[in-house]
Amino acid sequence: MPLPRALAAFVAAAAIHSSALAAELDIPAIYFEVGVERPPTLSNLDPVPEDLARAGAELAQKDIATTGRFLGHKYSLDSVYVEPGEDPLPAAREALAQAPFLILNAPAEALLAIADLPEASGALLFNASAPERALRDAECRANLLHTIASHDERADALMQFLTWKRWTDLALIVGPEPADMAFGQALRRSAAKFGLEIGAEAAWSYDTDLRRSASGEVPLLTQGLGDYDILLVADETDGFGQYILYNTWSPRPVAGSDGLAPVTWSGALEQWGAAQLQGRFEAAFERDMRSEDYAAWLAVRAIGEAVTRMGTSEPAALRAFLLSDEFRLDGFKGRALSFRSWNGQARQPIPLVHPHALVTLAPVEGFLHQRSEMDTLGLDEPESACAAFAN
Amino acid sequence: MRRPAARLAALALACALPSSAMSAGEIWVTNEKDDTVSVIDAATLEVTRTIPVGKRPRGIIFSKDYSRVYICASDSDTVQVLDAATGEILHDLPSGEDPEQFALHPDDRHLYIANEDDALATVVDVETRQVVAQIDVGIEPEGMAVSHDGRYAIVTSETTNMAHWIDTSAQSIVANTLVDSRPRHAEFTADDSQLWVSSEIGGTVTVFNTADKSEVGKVRFEMPGVHPDKIQPVGFKFSPDGKTAFVALGPANHVAAVNTETLEVEEYILVGRRVWHLAFSADGTQLFSTNGVSGDVTVIDVASREPLKSIKVGRFPWGAATRP
């Protein structure tokens, strides 16, 4: 991007016309990643990008820096990576000494440990990676907001669609990893919530190379599931899900972690101005934008939007604004995004996609809520045991 | 949709009179996903011509004498110039990448173009076909307006959430004013005393005093049974008498009639799905709305504020402009 030709003029002009907002501010943020050993995957097609999540934060940093340029707000974004197996807390302390805003890409336990640091008590942390229910429930933390969609939101989005389609008889295959089981549990809960029936279940336990044997193994496994409308797959670590499609005994569609997938974000989105965000991301990072990228992007954009509107870099004031009804962020999903005041979860639509197209965007039409239709997805206020946000 | 018989009869009568056909003129509509322009005869309310243009046509505007029409062909990265009489493409203008909306300076020469992907506003001289200036603006510039006295050009940037005020004599920004989320469209009132800017995700229209660029007020919308998230103001137009602003509300599928004095909404008019932009008939009696998802144009009777008819056009109609 060419340098502004009249930077001083911009700033001066901004000072005249939005004087309340134009105080010079420094807003340092840090993207903090705790590495994890990922279980091996069979497929070589879809490796996890090294800059997953970080790329989204960097893109948003560029976006808000442009806005800041007009207002005299200086944003910075540093990046910290903790090797798998290392203790993340010393690095987190150091990061918090430099910046009160952390965008976290870390497993749930690490998130909680960082949020519980004394140094983090006045900071504002964003979870851009961990979908676990507990973090939005009894284990919530007042200084931890969540921009990645939870397992529950994703499961509810899928169930709303299935209800609307009247595909009500379900079967489920759950993988062996903890993440698979957690998503499987969310699918069960959500099916019960929307009155759908999971008739039969199977646990995935094969350890063969499915690329060679899927056509033999999967029909046998799915034959035992009886009759159903759609087969749900909980395979959050890409262990086997992609080999279920078209290998089932009955000619039935697949949804969940593979097939029709509820996600925070996907390269298949192009409506609501998303094509422009995708274009900027692709140009900068030469790949599709994924859910974790979007979650980190959303976190940084939320910081920027709050600073722009409030004219302060004070974390407590920004947190209060982010959780208020006044906060509305354009997230390229067709509706204003905000945060739930009871557990800090981003309130956002959930796209249901397959790799090449959007199928629908939940909340699905007809699922109503007294506050916002988006609150039909995930833990609603009366259901959440989160107490840290109570005052 | 209600269609009182009496009004239909009146309409039919009006259509029979050749003089009114002259004064109603044509409405040109860009079809974003068909790469065409549909020309509607505002007297007969029929599509009389469909003109093939560049890829993803969006913004559309006529030269002062209506002999030429400029079209933002966004995915062709160009502004096309057409002969309005024949529909023939005369030439392209260097527009910068991904032009979405633009505005013509009252000098009839300088076209201010928003380059959505480049965070730039490009100024093109339509006679020499040269780029006169490029101005850095916020991320995803979209809405463009030039004041009637030619002094200011306005660019709104969707991600930066600002209206940037460009002094057209210096071609540089003199002020940046914050608006609500995702500003899409800007217009000056006829006397240039106010600038209005719609915010799609913010769900508001912000009104500025041109003289000191201060905020005068905000138009807010509320419809029973429609969640505020779905009320997304995009295109808008002032009535010829200046008393009413008609605001297209996107996925709320309505056009709001706003009192320009009180900034209160007086009425919501049902139109097709995903309404984008508006154009008045040349005589000001009818308002045409482009409805993206339903692929049609709704004709609204301005006096009674009733929808009269839906006209099928191409896929995803977006921009609209009037030719007398």
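Predicted, not measured: the structure shown is a model, and the values here were computed from it.

Quick notes on the rules
- Residues numbered from 1 in each chain as written.
- Chains lettered and ligands numbered in written order.
- Predicted model: local features only at pLDDT ≥ 70, side-chain atom pairs only at ≥ 80, totals over all residues.
- Heavy atoms only, no water.
- Pairing = 2+ DSSP bridges.
- Helix = DSSP H or I, 4+ residues; strand = E, 2+ residues; numbered from the N terminus.
- Axes fitted to C-alpha atoms, helices over the stretch in contact; angles between N-to-C directions.
- Buried < 20%, exposed > 50% of the residue type's maximum accessible area, 1.4 Å probe, protein only.
- Expected span 1.5 Å × (residues − 1).
- Arc of directions from axis to C-beta.
- Contact = heavy atoms within 4.5 Å.
- Core = buried A, V, L, I, M, F, W, Y, C linked by side-chain atoms within 4.5 Å.
- Disulfide = S-S within 2.5 Å.
- Salt bridge = Lys/Arg side-chain N within 4 Å of Asp/Glu carboxyl O.
- Parallel < 35°, antiparallel > 145°, perpendicular 65-115°, else oblique.
- Nonpolar A, V, L, I, M, F, W, Y, C, P; charged D, E, K, R; others polar.
- Domains from an automatic or database assignment.
- Buried area = accessible area lost by both parts, 1.4 Å probe.
- Polar contact = N/O pair within 3.5 Å; in protein donor to acceptor, adjacent residues only side chain to side chain.

**A look at the sheet that holds strand 12 (residues 336-339) of chain A**
Part 1 of the reasoning: The sheet built from 3 strands is open, its strands ordered 11-12-13 (chain A) with antiparallel pairing. Edge strands, defined here as strands with exactly one partner in the open sheet, are strand 11 (329-330) and strand 13 (346-347) of chain A.

**Topic: the sheet that holds strand 25 (residues 286-291) of chain B**
Residue and element names in this part refer to chain B.
Part 1 of the reasoning: The antiparallel open sheet is built from 4 strands, whose spatial order is 24-25-26-27. One side of each edge strand has no neighbouring strand; the edge strands of this open sheet are strand 24 (275-280) and strand 27 (306-312). The average undirected angle you get between the axes of adjacent strands in this sheet is 25°.
Part 2 of the reasoning: Judged from the 6 bridges that link them, strand 26 (residues 296-301) and strand 27 form a sheet pairing that is antiparallel. Along strand 27, the bridge assignment pairs Asp-301 with Glu-306.

**Here's the deal with the pairing of strand 4 (residues 124-127) of chain A**
Residues and elements named next belong to chain A.
Part 1 of the reasoning: Side chains Leu-124 and Phe-126 project from strand 4 onto one buried face, and the interleaved Leu-125 and Asn-127 project onto a second face that is buried too.
Part 2 of the reasoning: Of the pairings in the sheet, the one linking strand 3 (residues 101-105) to strand 4 comprises 4 bridges and is parallel in character. When the bridges of strand 4 are listed, Leu-104 appears paired with Asn-127.
Part 3 of the reasoning: Here strand 4 pairs with strand 5 (residues 144-146) via 3 bridges, running parallel. Bridging from a neighbouring strand, Leu-125 pairs with Leu-144 of strand 5.

**Some details on helix 6 (residues 178-193) of chain A**
Residue and element names in this part refer to chain A.
Part 1 of the reasoning: In this model, helix 6 (16 residues) spans 23 Å end to end at C-alpha, consistent with the 22 Å of a helix rising 1.5 Å per residue.
Part 2 of the reasoning: Buried residues of helix 6: Asp-180, Phe-183, Gly-184, Ala-186, Leu-187, Ser-190 and Ala-191, and no others. Burial along helix 6 is one-sided: seen end-on, the buried residues are contained in an arc of 160°. When the buried face of helix 6 is taken as reference, the exposed residues oriented beyond 90 degrees from it are Pro-178 and Ala-192.
Part 3 of the reasoning: Against helix 5 (151-165), strand 6 (169-174), strand 7 (197-203), strand 8 (230-234), strand 9 (254-256) and strand 10 (261-262) lie the buried residues of helix 6.
Part 4 of the reasoning: Of the residues one or two after helix 6, Gly-195 is the one with positive phi, at around 75°.

**Things to note about the nonpolar core**
Residues and elements named next belong to chain A.
Part 1 of the reasoning: Ile-103, Phe-126, Trp-297, Leu-322 and Phe-339 are the most contacted members of the largest nonpolar core, which totals 50 residues.
Part 2 of the reasoning: It is helix 9 (residues 291-310) that contributes the most residues to this core, 11 residues altogether.
Part 3 of the reasoning: Counting residues in hydrophobic clusters, the runner-up holds 28 residues, among them Ala-149, Leu-162, Phe-183 and Leu-260.

**Notes on the state of the cysteines**
Residue and element names in this part refer to chain A.
Part 1 of the reasoning: Under the defined criterion, the tally for this structure stands at 1 disulfide over all chains.
Part 2 of the reasoning: Here Cys-140 pairs with Cys-386 through a disulfide, and the sulfurs are 2.0 Å apart. Looking along the S-S bond of the Cys-140-Cys-386 disulfide, the torsion reads about 85°, which is the right-handed sense. In this pair, Cys-140 sits in the loop between strand 4 and strand 5 while Cys-386 sits in the segment after strand 15 (357-362), placing the two residues 246 residues apart along the sequence.
Part 3 of the reasoning: Look at Cys-386 and you get buried, because its relative accessible area is 12%.

**Digging into the pattern of salt bridges**
Part 1 of the reasoning: A complete count under the given rule lists 48 salt bridges over all chains for this structure.
Part 2 of the reasoning: Here Arg-371 of chain A ties to Asp-380 of chain A by a salt bridge, and the two come within 3.5 Å at their closest N and O atoms.
Part 3 of the reasoning: For Arg-371 of chain A, a relative accessible area of 34% translates into the label partly exposed.
Part 4 of the reasoning: On the basis of relative accessibility, which here comes to 12%, the residue Asp-380 of chain A falls in the buried class.
Part 5 of the reasoning: Among the ionic pairs, Arg-184 of chain B bridges to Glu-100 of chain B, the shortest N-O distance being 3.6 Å. Here Arg-184 of chain B is found in strand 16 (residues 183-188), whereas its partner Glu-100 of chain B is found in strand 8 (residues 99-104), with 84 residues between them in sequence. For the pair Arg-184 of chain B and Glu-100 of chain B, one class covers both residues: buried.

**Focus: the packing of helix 9 of chain A against helix 10 (residues 315-322) of chain A**
Residue and element names in this part refer to chain A.
Part 1 of the reasoning: Taken N-terminus to C-terminus, the directions of helix 9 and helix 10 make an angle of 100°; their axes are 10 Å apart at the nearest point. Looking at the two axes, helix 9 sits roughly perpendicular to helix 10. Packed against helix 9, whose contacting residues are Ala-302, Glu-305, Ala-306, Val-307, Arg-309 and Met-310, the element helix 10 presents Ala-317, Leu-318, Phe-321 and Leu-322 at the interface.
Part 2 of the reasoning: Classifying every residue of the contact of helix 9 with helix 10 gives 8 nonpolar, no polar and 2 charged.

**What about the domain arrangement of chain B?**
Residues and elements named next belong to chain B.
Part 1 of the reasoning: Here chain B is partitioned into domain 1 (32-55 + 227-324) and domain 2 (94-220).
Part 2 of the reasoning: Centre-to-centre separation of domain 1 and domain 2, based on C-alpha positions: 21 Å.
Part 3 of the reasoning: The interface is formed by 18 residues belonging to domain 1 together with 23 residues belonging to domain 2.
Part 4 of the reasoning: Counting the surface lost from both domain 1 and domain 2, the interface buries some 1500 Å², and carbon and sulfur atoms represent 70% of this.
Part 5 of the reasoning: On the domain 1 side of the contact with domain 2, Phe-236, Phe-238 and Leu-263 bury the most area, a combined 40% of that side's loss.
Part 6 of the reasoning: Here domain 1 is connected to domain 2 by 2 salt bridges.
Part 7 of the reasoning: In this structure, Arg-274 and Glu-200 form a salt bridge, with 3.1 Å as the shortest nitrogen-oxygen distance.
Part 8 of the reasoning: Inspection of the region where domain 1 meets domain 2 yields 3 residue pairs in polar contact (both at pLDDT 80 or more).
Part 9 of the reasoning: Looking at the side of domain 1 that touches domain 2, the elements with two or more residues in it are strand 20 (236-238), strand 21 (244-248) and strand 24.
Part 10 of the reasoning: For the side of domain 1 that touches domain 2, the leading source of residues is strand 20, giving 3 residues.

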